[in-house]
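# Per-entry structural report
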Amino acid sequence: MENKVMYSAVQPSGNLTIGNYVGAISNWVRLQSEYDCYFAIANMHSITVRQEPAELRRRTLEVAALYLACGIDPEKCTLYVQSQVPQHAELAWVLNTVTYVGEMQRMTQFKDKSQKHADNINMGLMDYPVLMAADILLYQTDLVPVGLDQKQHVEIARDVAIRFNNRYGETFRVPEALLGKTGAKIMSLQEPDKKMSKSDENVNASIYLADDKDTIIRKFKRAVTDSESEVRFAAEKKGVSNLISIYSIFTKKSVEEVEREFAGKGYGDFKLAVGEAVADALAPVQAEQKRLLADKAYLNGVLASGAERAFKTARRTLGKVYRKVGFYQGE
Ligand code: TYM
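About the criteria used
- Here, residues in each chain are numbered from 1, in the same order as that chain's written sequence.
- Restriction of local features to residues with pLDDT of at least 70 applies here, the model being predicted, together with a cutoff of 80 or more for giving and counting side-chain atom pairs; totals for whole chains, interfaces and linings are based on all residues.
- The basis for every side-chain value is the complete set of heavy atoms in the structure, and neither hydrogens nor water enter the calculation.
- Throughout, exposure labels follow a simple rule: accessible area from a 1.4 Å probe, protein chains only, divided by the maximum for the residue type, with under 20% read as buried, over 50% as exposed, and the rest as partly exposed.
- We count a stretch as a helix when DSSP gives it H or I for four or more residues in a row; a strand needs E for two or more, and each element gets its number in order from the N terminus.
- We treat two strands as partners when DSSP finds at least two bridges between them.
- Throughout this description, the term nonpolar core refers to a set of buried Ala, Val, Leu, Ile, Met, Phe, Trp, Tyr and Cys residues connected via side-chain atoms within 4.5 Å.
- Contacts are residue-level and defined by heavy atoms, with any inter-residue pair within 4.5 Å sufficient.
- Think of it this way: a Phe, Tyr or Trp ring, Trp meaning its six-membered ring, pairs with another when their centres are within 6.5 Å, and the plane angle makes it stacked under 30 degrees, edge-to-face over 60, tilted otherwise.
- How far a helix is expected to stretch is found by multiplying one less than its residue total by 1.5 Å.
- Residues are classed as near a molecule or strand on a simple rule: at least one heavy atom within 4 Å of it.
- N or O atoms within 3.5 Å of each other form a polar contact, as long as, within protein, one can give a hydrogen and the other can take it, and as long as residues adjacent in sequence are counted only when both atoms are side-chain atoms.
- Computed with the Shrake-Rupley method and a 1.4 Å probe, the accessible areas treat only the protein chains shown as cover for residues.
- Three residue categories are used. Nonpolar comprises Ala, Val, Leu, Ile, Met, Phe, Trp, Tyr, Cys and Pro, charged comprises Asp, Glu, Lys and Arg, and polar comprises the others, including Gly.

### Comments concerning the pairing of strand β2 (residues 36-41)
Among the six residues that make up β2, five are buried, leaving the element largely enclosed by the rest of the structure. With six bridges connecting them, strand β1 (residues 5-10) and β2 associate as parallel partners. Within the sheet, the bridge partner assigned to V10 lies in β2 and is I41. Sheet topology places β2 next to strand β3 (residues 77-81); five bridges connect them, and they run parallel. Pairing of I41 across the sheet is with V81, part of β3.

Next comes the structure, spelled out in structure tokens:
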């Protein structure tokens, strides 16, 4: 039997946060042996918001090095840069014709980003979920491990796949989102009602994967909590609950264990412990990322062979799609 396929990606825009790690990458590492995995660096998505070209290029390699430093094994997984596989854009075009403008306008992320970038509501921004559907469907994906904010986009990919299959006959596997039990939505340290985001203007709101120990500890110390002093997971204690989730994931302790550990202790002790746990976990990742970034030949090699492997699968699916829709392919 063919292996199940797992697909996911991160945009190389902004500095990656522990939200990206906890919500997505840590699950990829955990599951990589059980699936045929494709992990992309979604640089075509990034340009839906203005980017500095040199920075985009640099961050692309940084994200590749980060995937590897987090433990993604390039022997087991296909790791590549989205723009190096032309079928993504080609399939997105075809899928555009089975996607409705109204459903794109209703996407939460489109509405948020349209507000945030009111001077640049470009077609790409609205079409973003279709390109993401193309990413996923090209590889006949079963599972898409993402954070909660991307769930709606995976659902659109499912809808589009089902619609295409109904219209043209069985073509795509219908994917499913996979969310972690804890940490599917890490919140901002400054506004615990908002998700932690790499594009937040307030640098104290996010812990970046590149932050050093002092910075991490300082940011956790300043994290917004509440006027009580009890380390307890509860809906009305968003700030503290967020810190408990983070600590629980980085120390692999359950929420109950964390509550017990800090029973009778104040927020000061707790915040310090969270900061230290996160900093200690990130230090080896940062060191390995730095080492890899100094070895450009190795990184370029990994990405080149990844693009070649991805291309082969993508070409097969796109050929099938072109046949189904009636595109002339030589007779
Ligand atoms: P991006 O780059 O915004 O985020 C990468 C991954 O990190 C998750 N994430 C979070 N998880 C928990 N808490 C948070 N605060 C948090 N912030 C971000 C995201 O849910 C995501 O899983 N459109 C995608 C990239 C993409 C993609 C794809 C993903 C392009 N093509 C195909 C899956 C499949 C994005 O912008 O993710």
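Once you've had a look at it, read on.
### Focus on the nonpolar core
Ranked by internal contacts, the top residues of the largest apolar core, which has 59 residues, are I18, I25, Y67, F220, I246, F270 and V278. Per-element accounting of this core gives the leading share, 10 residues, to helix α12 (residues 267-293). Ignoring anything within four residues of it in the chain, the contact list for I25 reads V10, L16, N20, L66, Y67 and C70. Counting residues in hydrophobic clusters, the runner-up holds 42 residues, among them Y38, L137, A307 and L318.

### Some remarks on helix α9 (residues 213-221)
Residues of α9 that are buried: T215, I216, I217, K219 and F220. Packed against the buried residues of α9 are α1 (18-31), α10 (238-251) and α12.

### Side note on the packing of aromatic side chains
Within a pair of aromatic rings, the relevant descriptors are the distance that separates the centres and the angle that separates the planes. Under the counting rule described, the total for this entry stands at 12 aromatic pairs. Ring pairing ties together the aromatic residues Y7, Y38, Y80 and Y139, which thus form one cluster.

### Observations regarding unusual backbone geometry
A positive phi angle is found at Q140, which is not glycine, with a value near 50°. For Q140, the location among the structural elements is in the loop between α7 (123-138) and β4 (143-145). The phi dihedral of K252 falls on the positive side, at around 60°, and the residue is not glycine. Its place among the elements puts K252 in the loop between α10 and α11 (255-261). Its relative accessible area of 77% is what places K252 among the exposed residues.

### Quick word on helix α13 (residues 296-325)
For α13, with 30 residues, the first-to-last C-alpha span of 41 Å sits near the 44 Å given by 1.5 Å per residue. Downstream of α13 by a residue or two, G326 has a phi angle that is positive, lying close to 90°.

### A closer look at the site of the ligand
Taken together, 26 residues are adjacent to the ligand, and Q11, Y128, D135, D149 and K198 come closest. A distance of 3.1 Å separates a nitrogen atom of the ligand from a polar backbone atom of G19. Within the contact set of the ligand, a nitrogen atom lies 2.8 Å away from a backbone nitrogen or oxygen of I186. Protein chains shield 97% of the accessible area of the ligand, which is 710 Å² for the free molecule. Contributing elements (two or more residues each) for the shell around the ligand: β1, α1 and α7. Of the residues that constitute the shell around the ligand, the class distribution is 13 nonpolar, nine polar and four charged.

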